[in-house]
Amino acid sequence: MTVTGAGGSGKTRLAVELARSVVSRFERGVWLVELGQLEDPALVVSAAAGVLGVRQQPGRSIDESVALTLADRHVLLVLDNCEHVIDAAAGLCERMLRASGDLRILATSREPLGVEGEARFACPPLPIGPADGLAPPGEAGAADLFAERARQIDAGFALTGRTEPLVAALVRRLDGMPLAVELAAAQLDALTLEQLLGDLDGSVRVLVSPVRGVAARQASLEASIEWSYRLLDRVEQVAFRRLSVFPASFSRAAAVAACPDLPALPGLLARLVRRSMVLPPAPGPDSQPRYGILDTLRTYGRARLAEAGEAAEVRAAVTGWAVTEAERAAEGFEREATELAAARWVDAEQDNLREIMGWARTADPVAGLRLACALGPWWQLRGRFHEGQALLEAVLDACAAPPVAAQAAAEMWIGRFAEATGDVGRSWAMLERAARRAGQHGLGRELAASLNSQVSVLINTGRLEEARAVALRGLAVARAAGYATGEAWAAGMLSINSMCRGDRAGALAWARESAAVPADQIMGETARKRALVLANALADAGDLDGADAALQEGLERCRAAGSRDDVAGHLLALGRLETRQSRPELAAGHLAEAMGLYAETGDRRMLVDCLVTAAACAAPRALEAALTLFGAATALAGALQLRLDSDASTAELIAAPLAAARRHLGEARAGQAEARGVGMPLVAALDFAREVLRQGTGAPGSTPGAALTPRERELVDLLAEGLTDQQIAQKLFISVRTVRSHLDRIRDKTGARRRADLTRLALGKPSPPRST
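(A) Region of the structure containing the overall build of the protein. Along the protein, the regular secondary structure elements total 37 helices and seven strands. Seen through its principal axes, the protein has C-alpha atoms that stretch 110 × 70 × 45 Å. Taking all 772 residues of the protein together, 54% fall into the buried category. Counting only contacts in the protein whose residues sit at least 6 apart along the sequence, the fraction spanning at least 24 positions is 70%. Carbon and sulfur atoms provide 53% of the accessible area of the protein, an area that totals close to 32,600 Å². Taking the 88 positively charged and 94 negatively charged side chains of the protein as two groups, their mean positions are separated by 3 Å.

(B) Geometry of a nonpolar patch on the surface. Taken together, Met1, Leu14 and Phe121 make up a surface patch of nonpolar side chains, about 250 Å² in accessible area. Topologically, Leu14 is positioned in helix α1 (residues 11–22).

(C) Structural detail: the environment of Leu665. Within the element layout of this structure, Leu665 appears in helix α31 (residues 648–665). In contact with Leu665, other than residues within four places in its own chain, are Leu623, Glu624, Leu627 and Ala670.

(D) Main features of helix α7 (residues 178–185). Most of α7 sits out of view: seven of its eight residues are buried. All of the buried residues along α7 are Pro178, Leu179, Ala180, Val181, Leu183, Ala184 and Ala185.

(E) Region of interest: the sheet that holds strand β4 (residues 104–109). Taken in spatial order, the five strands make up an open sheet running β2-β3-β4-β1-β5, and their pairing is parallel. Two strands close off the open sheet at either side, each with one partner strand: β2 (30–34) and β5 (120–122). Pairs of neighbouring strands in the sheet enclose a mean axial angle of 15°, with direction left out of account. Sheet analysis places strand β1 (residues 2–4) next to β4, joined by three bridges and oriented parallel. The residue of β4 that forms the bridge with Val3 is Thr108. Against the sheet, helix α2 (residues 44–52) touches β2 and β3 (76–80), its axis set at about 145° to β2. Strands in contact with helix α4 (residues 86–99) are β3 and β4; relative to β4, the strand with the most contacts, it is inclined by about 170°.

(F) Quick look at the side chain of Thr650. Looking at the secondary structure, you find Thr650 in helix α31. At 2.8 Å, the side chain of Thr650 and the side chain of Asp647 are in polar contact. What Thr650 contacts, discounting residues up to four positions off in sequence, is Arg576 and Val612.

(G) View of helix α24 (residues 504–516). Taking 1.5 Å of rise per residue, 13 residues should cover 18 Å, and α24 covers 18 Å from first to last C-alpha, within 8% of that figure. All buried positions along α24 are accounted for by Gly506, Ala507, Leu508, Trp510, Ala511 and Ser514. Buried residues in α24 make contact with α22 (464–481), α23 (484–500) and α25 (524–540).

(H) Layout of the pairing of β3. Most of β3 sits out of view: five of its five residues are buried. Here β3 shows two buried faces, one formed by Leu76, Val78 and Asp80 and the other by Leu77 and Leu79. Relative to β3, β2 is paired through five bridges, and the arrangement is parallel. The residue of β3 that forms the bridge with Val30 is Leu76. Of the pairings in the sheet, the one linking β3 to β4 comprises four bridges and is parallel in character. The residue bridging Leu79 from the neighbouring strand is Ala107, located in β4. As a crossover connection, the stretch from β3 through α4 into β4 is right-handed.

(I) Representation of the nonpolar core. Grouped together as the largest cluster of nonpolar side chains are 197 residues, with contacts concentrated most on Phe146, Leu207, Phe240, Leu243, Phe250, Val318 and Trp379. Once residues within four sequence positions are removed from consideration, Phe146 is found in contact with Phe157, Val167, Leu170, Val171, Val181, Ala184, Ala185, Leu188 and Leu193. In this structure, Val33, Leu35, Val75 and Ala107 belong to the second largest nonpolar core, which totals 28 residues.

(J) Representation of the packing of aromatic side chains within the structure. Enumeration over the complete set of coordinates arrives at eight aromatic pairs. Centre to centre, the rings of Trp321 and Trp345 are 6.3 Å apart; their planes meet at 65°, and the pair counts as edge-to-face. Note that Trp321 is positioned in helix α14 (residues 311–332) and Trp345 in helix α15 (residues 336–363), a separation of 24 residues in sequence. The exposure class of Trp321 is buried, given its relative accessible area of 12%. For the ring pair Phe385 and Phe417, a centre distance of 6.0 Å and an interplane angle of 40° mean the geometry is tilted. Of this pair, Phe385 sits in helix α18 (residues 385–398) while Phe417 sits in helix α19 (residues 404–420), and the two are 32 residues apart along the sequence.

(K) The confidence of the model for the protein, seen in detail. For the protein, per-residue confidence averages 89 on the pLDDT scale, and residues scoring 70 or more make up 93% of the total. Overall, residues 765–772 carries pLDDT values under 50, and its contacts beyond four positions in sequence, including any with other chains, amount to 17 contacts.

(L) Representation of the pattern of salt bridges in the model. Within this structure, the stated rule accounts for 47 salt bridges. Glu513 is the salt-bridge partner of Arg479, the closest N and O atoms lying 2.5 Å from each other. Taken together, the positions of Arg479 in helix α22 and Glu513 in helix α24 put the pair 34 residues apart, joining distant regions of the chain. For Arg479, a relative accessible area of 42% gives the class partly exposed. Across the pair Lys529 and Asp566 runs a salt bridge whose closest N-O atoms are separated by 2.6 Å. Placement of Lys529 in helix α25 and of Asp566 in helix α27 (residues 564–580) is noted, with a sequence separation of 37 residues between them. In this structure Lys529 comes out as partly exposed when scored by relative accessible area, which is 29%. We classify Asp566 as buried; its relative accessible area is 3%. One salt-bridge network, in which partners are shared between bridges, spans Glu339, Arg416, Glu525, Arg528, Lys529, Asp565 and Asp566.

(M) Just the side chain of Ser453, in detail. Inspection of the secondary structure puts Ser453 in helix α21 (residues 444–460). Every residue in contact with Ser453, bar those within four places of it in the chain, is listed here: Met412, Arg416, Glu419, Leu431 and Trp489.

(N) Examining the environment of Gln552 more closely. If you trace the backbone, Gln552 turns up in helix α26 (residues 544–561). Linking Gln552 and Leu191, residues 361 residues apart in sequence, is a C-alpha distance of 58 Å.

(O) The packing of α27 against α31, seen in detail. Look at α27 against α31: their axes get within 11 Å of each other, and the N-to-C directions meet at 45°. Looking at the two axes, α27 sits oblique to α31. You can see that α27 and α31 cross each other, and the crossing is left-handed. On α31, the residues touching Arg576, Thr579 and Arg580 of α27 are Ser649, Thr650 and Leu653. Class assignment for the residues of the contact of α27 with α31 results in one nonpolar, three polar and two charged.

(P) A look at the state of the cysteines. Applying the stated criterion to the full structure yields zero disulfides. Counting only cysteine sulfurs, Cys373 is the nearest neighbor of Cys399, a cysteine outside any disulfide, at a range of 9.5 Å. Cys617 provides the cysteine sulfur closest to Cys610, a residue in no disulfide bond, and the two sulfurs are 12 Å apart. The exposure class of Cys610 is buried, given its relative accessible area of 0%.

Rules used in this analysis
Residues numbered from 1 in each chain as written. Predicted model: local features only at pLDDT ≥ 70, side-chain atom pairs only at ≥ 80, totals over all residues. Heavy atoms only, no water. Helix = DSSP H or I, 4+ residues; strand = E, 2+ residues; numbered from the N terminus. Buried < 20%, exposed > 50% of the residue type's maximum accessible area, 1.4 Å probe, protein only. Contact = heavy atoms within 4.5 Å. Areas by Shrake-Rupley, 256 points an atom, 1.4 Å probe, with all protein chains shown as cover. Lys, Arg positive; Asp, Glu negative; His and termini not counted. Charge placed at Lys NZ, Arg CZ, Asp CG, Glu CD. Patch = residues over 30% accessible without salt bridge, like charges linked within 9 Å, V, L, I, M, F, W, Y side chains within 5 Å. Salt bridge = Lys/Arg side-chain N within 4 Å of Asp/Glu carboxyl O. Pairing = 2+ DSSP bridges. Axes fitted to C-alpha atoms, helices over the stretch in contact; angles between N-to-C directions. Polar contact = N/O pair within 3.5 Å; in protein donor to acceptor, adjacent residues only side chain to side chain. Expected span 1.5 Å × (residues − 1). Right-handed = clockwise from strand over helix to strand, strands pointing away. Core = buried A, V, L, I, M, F, W, Y, C linked by side-chain atoms within 4.5 Å. Phe/Tyr/Trp six-rings, centres within 6.5 Å; stacked < 30°, edge-to-face > 60°. pLDDT = per-residue confidence, 0-100. Parallel < 35°, antiparallel > 145°, perpendicular 65-115°, else oblique. Left-handed = near helix turned anticlockwise from the far one by under 90°. Nonpolar A, V, L, I, M, F, W, Y, C, P; charged D, E, K, R; others polar. Disulfide = S-S within 2.5 Å.

Here it is, written out as structure tokens:
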């Protein structure tokens, strides 16, 4: 068996521990032959003979003497570090195995020996845990090794709340490679964890062993990687350093783009995998095999790429490939039938594409702009609004003379994403700019898309008549350009506009006109959204069963496509429908999931609708909670410059329940509940909404608040206003520790374990006057 792996992966340690564990099973013992210091392959046999105590027999070669000596011995022979003398080591193994039936060989090497009957075990890195933490206790993870070695430098070192995130980032940066982790820990006599992480950014030269007499290739991480690199032939070295340009896993097609002049690339990749310089291929999100390079090796490879003066050329070649493939994927997004394959390709390449856009901002801004525009549909589909807007703005700013069509498309996407994240001013400015540019240059598709996006902003800000005029113009432009997606989109916006104005017949008619556009001619996103528009129009028209069936079917389509925005839209619509039908238990689950998705994507505009609908759902059972939720929705809408009073459909849903709540509670108590919502930070409001939906009515505990002291009641009231423990401490002139102690006692008294539970507790009865 050969244990393979990159330098520093722990092959020798693993082999030695395995040998120790089985030594009793071998009659003549276990023998370790260390080959790492040999420079002449001819000395391999002599090294084995010396360890085994074999002398050359008269008339026989040393090879024959070793083989004959082992012929009748039950032995485990460990050959360590074979990679640089691999042919000689393989030849020795073959001769010894032919001569003996009881001999077992355990070899370590950065590539397999290629001997007949060889079993291979790839030595994996140490567990490093999920992206946001460490490996679970007891898994002997990389962080455990780091802590153990760090305590040799500083006996007081421990994994604490402060050090854990730093250690997690560090061992992840080092791929969990044992040698790298040990060398990193050894630097703590001169560097802090923060300094060490900073020094590792783009270089591994800081990782040098302080131990005297250690083997040269283990004296530093760079030396260990250099050892492996020098064992490659010239073509393999060229391929490795070029492939290191990719920050994440890469496909064979991407490898060809980086190495267009290297022959027989599939075989070359296979050799790099066998030499532990490239990770074996594994299926990616697009189900295609993808290769990878450990981050420590990649850092070294990029340094060699820069030394060779090839970085700019390789980056330019990879950028050209990425633009071509991304624009091909963008064409796939134009039809629902090809959307999934296009999305999965971007899913697989997203980390590479981000870095390529970074290169292009300085080296080829036009290519960067084309790439970013091609990714617009993917950012929309996956709900990556903040990311999409930021990258589009960066590449657009970097492009001194952008192509007109690309500039208009970029401005349109920036406007759409800005609206989703609640920046109405930025959204309107960019959409107007895109529409004006597209109109001036006869770009029908870009103009229709910009106008349709403007309609959404106009509707949400209560400018319904203007929205109708712009939507009709968008419809005419789309039809003139033969842009079926734009036509279906515009008709859908006209349906939404009619619904907001209370024109149910018009809403249904426009929804059906949108649905009449052939499905095989429009984008998947538009197909899903028009189905949602039709379902909402059916619900408004009184066909609740038809609406429910349409929403359930549409939800499955949205989940299959992986569109978080569309999934959330259907869930919200189901929650509204179930609220209308007085089915709060069903509505609660759908609304909570919708809120979670919108919170993840940052679509604060739709969170307003979620809070309003949650208020309507809660009103029959939790009057104060409903008013608090409505107050939070009102505050958020105001911050986003949205109008709640211009949507007739929403007004019908919420007006009666809120009026009933105000009559029942009285003006003072109702105003107090609503004011609490107005003062809540968004995160607190969403947490509170989920708790209200989950528990229905009443605060946790059988007699909420009954046993609270005035000071405890005061703490609960302040917490309900969204204040942090630190802010409460400052307001009451007490320590944070005292605040937390009080809150712990309140939790013990009431059974309210979470902050949202305590917020509900504050709504249980009017608060007494504040103490002074």
